Amino acid sequence: MRIGVIGYGLRIQNIVEYLLASHEEVKLTAITDINWSKVSAQLAAKGRDIAAIAMYKDADEMLDKEQLDGVLIGTRCSLHTVMAKKVLQRNLPLYLEKPVATTMVDLISLKEAAERSASEVIVSFPLRNTALVRTAKEIVDSGKLGTIEHVQAINNVPYGGVYFHDWYRDEKETGGLFLQKSTHDFDYINHLLGIKPVAICAMKSKQIFKGNKPAGLYCKDCEEYKSCPESPYVLKHFKSEPDMYIQGGMCSFATDTGNEDSGSAIIQYETGMHVSYSQNFFARKGAEARGARLLGYKGTLEFDFYTEAIKVYMHNTPRVETYQLDSSQMSHGGGDAILVHNFIQVMKGEEKSGTPLNDGLLSALMCLKATHSSETHTFKTIAWE
């Protein structure tokens, strides 16, 4: 199976490595990227035979010249739709990073392109494929909790600084943090509930990562480099932040620092039940949390991705059931391995996508509606209008 990559970003690099280590006959034959020298160095560091990989700067050229069995897209977010449409036109199996689009115009055009295509698309939603969510889904579907009538979900991001120190701060690239983070959470919630969201309202705030430092300022060039609480120097030497949480190096208190640093949404579903969701980007260390409480009349289930624990509280008997999982040696709680296996089977023609494009479109639609709601202080119908 010959795969091609459009945009050799960090996330797609990891997925490609999983594919090549899958004990299947998968071969990386072509890459399209605007920075050849950087890609070549990255491939060399991984021990790849650079001479055996065709390098392109134009995606159409790669797609026209190469005989590919599957394509992976790992560009910056604003190009996901543009590049996905090129692959959809050729009816090739596609692995597409999230969010699938960053604007409503792109989202609608992607939906229309998909309707004309025979491509099977896997959207990169690892959370619904984790052992944690799969176990929670088994319990929910068993009926022991009763019908789920309320969900309380949270995401306190301990590495939130990366959305303000690097290119992620550019909302023209990301579409904002509902699209960057909530797209995953909305997807796993939809997956667990199995019912249709119909309306959403949201609010967002920017209370911490704002200021009057000059635009374009890098921490290393600032006189407060050794005292600012968000400088890489202080984060590393005084706050004991891991290196993976210290990315970029642009001032997060400058006038050009984008993105909200907290956001919340209320989502109504077709049955009348609702979900409350909140995310935060300045919680740190022990304050980290990501997960949900699902409440039925018979019982409540709660789980957290960081502790990998599930607790089930039965409402009519003094019993609490605990499930402790351990996927610490697996990427994204085992979710990436399932995505990769599914993509291989899709390329073979033996499976359908477990995270289809329609689910990616719905999640992105919810995020865009949430963003619009937060900016207009209005409820939004989750519909293609």
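Shown above is the structure to which this text applies.
Remember, it's a predicted structure, so these values are computed and weren't measured experimentally.

(A) Examining the sheet that holds strand E5 (residues 94-96) more closely. Judged by pairing direction, the sheet is parallel, and its 6 strands sit side by side in the order E3-E2-E1-E4-E5-E6 without closing on themselves. In the strand order of this sheet, the two ends are held by strand E3 (54-56) and strand E6 (121-123), each with one partner. The mean inter-strand angle of the sheet, taken between neighbouring strand axes irrespective of direction, is 20°. Of the strand pairs in this sheet, strand E1 (residues 2-6) and strand E2 (residues 27-32) are connected by 5 bridges, and their pairing is parallel. Within E2, the position partnered with Arg2 by the bridge is Lys27. Helix H2 (residues 36-45) contacts E2 and E3 of the sheet and is inclined by roughly 150° relative to E3.

(B) The arrangement of empty space enclosed by the protein in detail. Inspection of every chain in the model, using the stated rule, returns 1 cavity of 30 Å³ or more. When its volume is computed, the largest cavity comes out at roughly 50 Å³. What lines the largest cavity is simply Pro158, Tyr159, Gly161, Glu230, Leu235, Glu241, Tyr245 and Arg284. Its residues assigned to classes, the lining of the largest cavity comprises 4 nonpolar, 1 polar and 3 charged.

Procedures and definitions
Residues numbered from 1 in each chain as written. Predicted model: local features only at pLDDT ≥ 70, side-chain atom pairs only at ≥ 80, totals over all residues. Heavy atoms only, no water. Pairing = 2+ DSSP bridges. Helix = DSSP H or I, 4+ residues; strand = E, 2+ residues; numbered from the N terminus. Axes fitted to C-alpha atoms, helices over the stretch in contact; angles between N-to-C directions. Contact = heavy atoms within 4.5 Å. 1 Å grid on protein atoms, 1.4 Å probe; cavity = no way out; pocket = protein on both sides within 12 Å on 5 of 7 lines; lining within 4 Å. Points joined across faces, edges and corners; volume = space filled by probe spheres on them. Nonpolar A, V, L, I, M, F, W, Y, C, P; charged D, E, K, R; others polar.

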